[in-house]
Amino acid sequence: MTDVAASPPAAGAPSQGQGLHTSDAARKRLKARYASEARFKFFGIAAVLTAAFFLVLLLSTIVGQAIPAFNQHYVTIPVDLSQESLDPNNEGEAVLRRVDYDAVVRNGLRSLFPYVESRGDRRTLGGLVSSGSAVRIRQAVLDDPDATIGQTSFAVPLDDVADLYFKGQVSEERFVETTGEASPTGTEGTIQILSTANDFRDLLADVKDFLGEQADEVERELASRERSLERAEIDIVSYRDRMPEEGADRREFFEDQVQILERGINGLNANIRDLTAELADLRARSTAAGADEVLTTELPSILVEINGGVVKASSINATAVEGEVIVPLTTTAAASGGDWSIREVVLPERNRKLDDRSLIYLDQLAAEERVERQFNMIFFSSGASREAELAGIWGAVVGSFFTMIVTLSLAFPLGVAAAIYLEEFAPKNRLTQLIEVNINNLAAVPSIVFGLLGLAVFLNTFGLPRSAPLVGGMVLALMTLPTIIIASRAALRAVPPSIREGALGVGASKLQTVLHHVLPLAMPGILTGTIIGMAQALGETAPLLMIGMVAFIVDIPSTPVDPSTVLPVQIFMWADFPEVLFRQKTSAAILVLLAFLVTMNALAVILRKRFERRW
Amino acid sequence: MSTTNVQDAAQDMSQQAETTTAHETAAQSSQAPGSDVAPGGTTITDAPPDVIKMKGRNVDVFYGDKQALFDVDLDIGERQVTALIGPSGCGKSTFLRCLNRMNDTIDIARIEGDITLGEQDIYDPHIDVVELRARVGMIFQKPNPFPKSIFENIAYGPRIHGLADTKTDLEEIVVTSLQKAGLFEEVKDRLDAPGTGLSGGQQQRLCIARAIATSPEVLLMDEPCSALDPIATAKVEELIDELRENFTVVIVTHSMQQAARVSQRTAFFHLGILVEVGATDQIFTNPRDTRTRDYITGRFG
Amino acid sequence: MFWLLFLALLLVFAASLYIGAQRSRQVAGPNTHVLHSRPSYHGGYLAIMATVPALGLLIIWSIAQGPIIDGMVVGQFSDEFEALSLPEREAFLRDARAIAFGGIVSFTDELKEAAAAIYENLYRISNMAMTVLIALLVIVGFRRGYSSIEPKRRTRHFVERAVMILLIACSVVAIFTTVGIVLSLIFESIRFFTMIPIHNFLFGLHWSPQSAFAGAGEVVDANPEVFGAIPLIAGTLFITFIAMLVAGPVGLFAAIYLSDYASNTVRAVAKPVLEVLAGVPTVVYGFFAALTVAPFIRNSGEGLGLDVSSESALAAGLVMGIMIIPFVSSLSDDVISAVPQSLRDGSLALGSTKSETIRRVVLPAALPGIVSAMILAISRAIGETMIVVMAAGLADNLTINPLEAVTPVTVQIVTLLVGDQEFDSAKTLAAFALGLLLFCVTLTLNFIALRVVQKYREQYD
């Protein structure tokens, strides 16, 4: 830096900045300050990205779960719906109603699986189709007897787990290309299949690996138990240590605690013994090379498809399997490599909802081209059901609709009227200030408190029907009221005084001014606020739980006083059910709810953009 | 800038001179003999100052598509007060804000030309604007003390620039700055009181003290007294006079009397053009350009 | 019956509007400007005169007739009722009503049949009387109104006053709601505190109302030791704390970045993202917490060798934090943007970097507003229900380990009330006591937030 020719700094003045701010020390400080700036900015960006990340995560999780739910698989089974078997004497509806349609379904299924004989197997087979199939057939017969009677086949929905199978969500599967020639020793019962090549060797290794992983898990559990044991022992010691210093009451309490802990320790010890034994067993089996391995339900399943039949292996070694014939073989002739196949179902049978037999039966149905995937109309048109494949949101949607109507018809007039009074007419005194503070407070009260209010006042004092959209609507109206009032007041305030003065100037009364001139101009803002308030109300769950809209309602409500539920509560209830299909349907229902909300908010935004005026 | 534009600009300006000075019959007769007309068309009445602290050459400023300053050449002398005067909207504040790059905070602002501090072009990409602003301080039209104590207000600058290593050093800087701003006696008992609790004039002097605390070389003042009453104004003007012993001061003012009282050199801006610049006496007693004369005599502005 | 009469009154109202207007035109003759008020106001006048008194009677009668008739039935069978307790009495009446008017009857006996017969009788008489009186009021009102329609009558003033009264009534609903909330909560809580002493509730360390009674359906004195709310309060505070750890920094920094650093395009994208996060219903967040977040935390924890509950406080708190981020961000954004640009200019002119300006000048100036925003966010988190119902635990647990399950106040309110309730048991009433606690806490927090902003508002300017 060249020095600018200048008079030397006057004595006593702060040294002139030129050297002060451009020195090396200053430059270093500057660098540090810029580093700090960069870090700060980074945190800001990180925060925004974090929020975006969570949103993306949330949506993608829900969408990913929901997509399978929009399709449903149906199977077409042969049925005997002839006039003779249903209603031989042509007596009409009364008889048709009482026919055992479950039997019709069962017989139809069984006709496709002649080799399924034992009771257990038959039950498995029957469980593949929805338990509501009979109801559907009956409904079809009653609704349109002329068309339905005489039909020889009918499409029924698959049970939820079977449906999952065709969506590929039951288990990972591996297929092994075969090279050797396989010789089955029989066509039925328990047989052996020997291969000339080591086709089974890799599978055996897989099984051993699986045992190893299981052993690892048992080891981890063992470690966790041992930790718990340690902790319990430490706790006992600490109690014992502190006991002498405590009074009689506390000592008794401590004694009780110690006893509980000791009981726990006994249990833990037993647990640890079992686990240790299990661990040893698993390790032994997983490390023993090449030996025969017995396939239990805790291990992956191995199915051999040969000569038109299917064999479920119960033990395996490198060159052969022994197992039970599920689907009879056509012949005991040897099959050359490539003509027969081995299939490994990775998830052990015990951990699956669908056992091997079911898989095989379903495969047969698929092979006969009886299985069809259709858009899931059931989801959109049915009410609730405990059976996952039969559950739908229509009941909840209608319930939400009724509730929203009640909410709107109560909250909108009340809210706008109150806003008009408070904004245009009310004198500025203590009472109106109190009202204003009140409204702002109400807007911040937790929603569950409104539910308690509804329970205590509407249900108990007034005796209104539980679970009815009427009561739900009233509770939500109280919740939405502050939002609408606040938004309407803001909209009214935004109308410039010149409008009011103009109207008053031509002789309109105050009320006429407000109703005929100010209100129409404020309407877009009021509507925007109302839509937003309604969108919030649509998503509310907690207060409706309190007033009982959580009952299990199968029928679609037809009036606002019929018991019903609303969409968010339906989501809440379904979220508790363990079936995978329910999880998927819950996600799909969430998407439907979000679609409604997005539409409403978009409507509010459009309204605001189109009609908002800049005074 | 190309010569053609210069000619055009000169054309524009003489045309403007014709339209604004409606009583003049001939534009040529507005200029007294013996003056130079520098390139760019401004009339420089005086020789440049002894030592030049800051220099502006061919400065154009655009706000979006609208041009606010046209080809301004101006020297700022060291250790003296330079006043920028002119009617509202003439570009004087815009030019002032270029000197410490405060126009950078306005998205649509674009600056072309050269402005140097000492030998350095302050718009050079390698220049650190933070460092620049430590060397060129600014006082705003409306006093803007931070909502902190008086002490903290002054200590802010030294703190962030690391000018004080110990607490005692910091206190010394604060006291010195307050003394230099002529505020110390009035507030020495209440350094912990909030800066916003002072009167308007005191707040502005606080802002001046705050600006001084970072030991700048140049002080820019944007109409510092326009929000103050006459007594406070007088105090601030007195302060400015003292400040020029140690700092280079550039002050924008819409009051000609203030410019006459306080500055040694005055520059007159009109419609984005620097019309005339010279010694304050000269400008106010014998302006060369008609526009200057008209403004000073109150014909417009 | 009620709806029928209501509908009838509506029809009368509509008809009177028309008739009144017509009448006024008739009375005015050829020059309608003789009328003080426009015909439509005369119509309104007539309509109000005809229907409003009747409507009032309809409402009051309908509300009152239930309890009054109940009382009369009880009076008829006063001997038998002496022996019964309050719930039994109510059950009896309910069944009797069901026998008379249709509905679910638990069981029936001679007494109930007799009572049912009396019910039918009384209601029939009551309804008839009500209908007659209403008709009377309508006729009288209509005639008076009709005959008094004349040009000079200032019906517009009348109608406008009526409308004003209506508007005022609507405004007062908000107060009634608050009063209703407070009263119902207090009323039920007092009943609760007669069973369980208040200091057991506020200071007890053990919450297990399910174990309060010896057996189902027995009327036994509740064990006061198991209604201690401290574990619930601790649970709520713990989860809220975790939520604020997430939402506080993320929301604040997002607000800072969006207000002072972000370009317009970034703002145009980021603001909708935050609005969407704010608009997602809490039940969806709860589902997300239970489906994705809790298992993830559980698996990660167990991979690290830790014991993690499937309902860990961390999972619930984390998701609740995500939900609150937009709340903190938008409130803070408003406050930060409200700091005058002149302060920022002053700081920049002294040669500070943007982050220094924000950290040392803007944020301190905006601090009261930001603190207020955080308090409001805490209040929101405390009152939140669905996320914790679906993701947090049910058993009381005093701990500071975020990997364990704790239970907050709102979950307990839901648990106590969903399902069969006997309205007098301590279990059900405990929910109201909890609700009162919740209401008071959130109200106090909101009040404090407001005061913080008010008190420090005159910082600049």
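This text goes with the structure placed above it.
Residues numbered from 1 in each chain as written. Chains lettered and ligands numbered in written order. Predicted model: local features only at pLDDT ≥ 70, side-chain atom pairs only at ≥ 80, totals over all residues. Heavy atoms only, no water.

(A) Focus on the interface of chain C and chain A. Taken together, the 73 residues of chain C in the interface contact 72 residues of chain A. Each partner contributes to the roughly 6,300 Å² buried at the junction of chain C and chain A, and carbon and sulfur atoms together form 79% of this total. Summed over the shared surface of chain C and chain A, the result is one salt bridge. A salt bridge links Arg33 of chain A to Glu356 of chain C, with the shortest nitrogen-to-oxygen separation between them at 2.7 Å. Joining chain C to chain A, the criterion identifies 10 residue pairs in polar contact (both at pLDDT 80 or more). The dominant element in the side of chain C that touches chain A, judged by the number of residues it contributes, is helix H6 (residues 155-195) of chain C, at 18 residues. Classifying every residue of the side of chain C that touches chain A by side-chain character gives 47 nonpolar, 19 polar and seven charged. (Contact = heavy atoms within 4.5 Å. Buried area = accessible area lost by both parts, 1.4 Å probe. Salt bridge = Lys/Arg side-chain N within 4 Å of Asp/Glu carboxyl O. Polar contact = N/O pair within 3.5 Å; in protein donor to acceptor, adjacent residues only side chain to side chain. Helix = DSSP H or I, 4+ residues; strand = E, 2+ residues; numbered from the N terminus. Nonpolar A, V, L, I, M, F, W, Y, C, P; charged D, E, K, R; others polar.)

(B) Structural context of unusual backbone geometry. Positive phi outside glycine occurs at Asn90 of chain A, with the angle close to 50°. With respect to the secondary-structure elements, Asn90 of chain A resides in the loop between helix H3 (83-86) and helix H4 (93-98). Asn90 of chain A sits in the exposed class, given a relative accessible area of 60%. Its identity as a non-glycine residue notwithstanding, Asp71 of chain B has a phi of 50°, on the positive side. Tracing the backbone through its elements, the reader meets Asp71 of chain B in strand E4 (residues 66-77). Using a relative accessible area of 9% as the deciding quantity, one classes Asp71 of chain B as buried. (Buried < 20%, exposed > 50% of the residue type's maximum accessible area, 1.4 Å probe, protein only.)

(C) Geometry of a negative patch on the surface. Residues Asp249, Glu252, Glu255 and Asp256 of chain A make up a contiguous surface patch of negative charge. Tracing the sequence through the fold places Glu255 of chain A in helix H11 (residues 248-287). (Patch = residues over 30% accessible without salt bridge, like charges linked within 9 Å, V, L, I, M, F, W, Y side chains within 5 Å. Areas by Shrake-Rupley, 256 points an atom, 1.4 Å probe, with all protein chains shown as cover. Lys, Arg positive; Asp, Glu negative; His and termini not counted. Charge placed at Lys NZ, Arg CZ, Asp CG, Glu CD.)

(D) Quick peek at the pattern of salt bridges. Residue and element names in this part refer to chain B. All chains considered together, the criterion is met by 46 salt bridges over all chains. Linking Glu152 and Arg159 is a salt bridge whose minimum nitrogen-to-oxygen distance equals 2.7 Å. The closest approach of N and O atoms between Glu237 and Arg261, which form a salt bridge, is 2.6 Å. With Glu237 in helix H8 (residues 230-243) and Arg261 in helix H9 (residues 256-262), the pair connects residues that are 24 residues apart, well separated along the chain. On the accessibility criterion, Arg261 (52% relative accessible area) is exposed.

(E) Summary view of the packing of helix H10 (residues 201-242) of chain A against H11 of chain A. Residues and elements named next belong to chain A. Where H10 meets H11, the closest approach of the two axes is 8 Å, and the angle between their N-to-C directions is 160°. With respect to each other, H10 and H11 are oriented roughly antiparallel. Pair H10 / H11 crosses with left-handed handedness. Partitioned by chemical class, the residues of the contact of H10 with H11 number 17 nonpolar, eight polar and 14 charged. (Axes fitted to C-alpha atoms, helices over the stretch in contact; angles between N-to-C directions. Parallel < 35°, antiparallel > 145°, perpendicular 65-115°, else oblique. Left-handed = near helix turned anticlockwise from the far one by under 90°.)

(F) Representation of the environment of Pro427 of chain A within the structure. All names here are of chain A. Within the fold, Pro427 resides in the loop between helix H14 (394-425) and helix H15 (430-444). On the accessibility criterion, Pro427 (43% relative accessible area) is partly exposed. When neighbours within four sequence positions are excluded, Pro427 is seen to be in contact with Tyr421 and Thr432.

(G) Expanded view of the pairing of strand E5 (residues 81-85) of chain B. All names here are of chain B. Judged by how many residues are buried, E5 sits mostly within the fold: five of five residues are covered. Neither face of E5 is left uncovered, since the one carrying Val81, Ala83 and Ile85 and the one carrying Thr82 and Leu84 both have all their residues buried. Looking at chain direction, E5 and strand E10 (residues 248-252) are connected through four bridges and run parallel. Opposite Ala83, over in E10, you have Ile251 as the bridge partner. (Pairing = 2+ DSSP bridges.)

(H) Geometry of a nonpolar patch on the surface. Residues and elements named next belong to chain C. Residues Ile59, Ile60 and Ile63 make up a contiguous nonpolar surface patch of roughly 300 Å² in combined accessible area. Here Ile59 shows up in helix H2 (residues 39-76). A relative accessible area of 39% places Ile59 in the partly exposed class.

(I) Layout of the nonpolar core. By size, the foremost hydrophobic cluster in this structure holds 159 residues, and its most contacted members are Phe192, Tyr285, Met320, Ile413 and Leu434 of chain C. In terms of residue count, the dominant contributor to this core is helix H8 (residues 230-261) of chain C (16 residues). Dropping the residues within four chain positions of it, Phe192 of chain C is found in contact with Phe201, Phe227, Ala426, Leu429, Ala430 and Ala433 of chain C. Membership of the second largest hydrophobic core comes to 44 residues, among which are Ala181, Leu191, Ala232 and Val275 of chain B. (Core = buried A, V, L, I, M, F, W, Y, C linked by side-chain atoms within 4.5 Å.)

(J) Molecular detail of the sheet that holds strand E11 (residues 371-375) of chain A. Residues and elements named next belong to chain A. Read across the sheet, three strands follow the order E2-E1-E11 without closing on themselves; strand pairing throughout is antiparallel. The outermost strands of the open sheet, each flanked by one partner alone, are strand E2 (153-157) and E11. Each strand axis lies, on average, 35° off the axis of its neighbour in the sheet, ignoring direction. For strand E1 (residues 71-78) and E11, the ladder comprises five bridges, and the chain directions are antiparallel. Residue pairing for E11: Gln72 is matched across the bridge by Gln374. Here helix H7 (residues 133-143) sits on the sheet in contact with E1 and E2, set at roughly 135° to E2.

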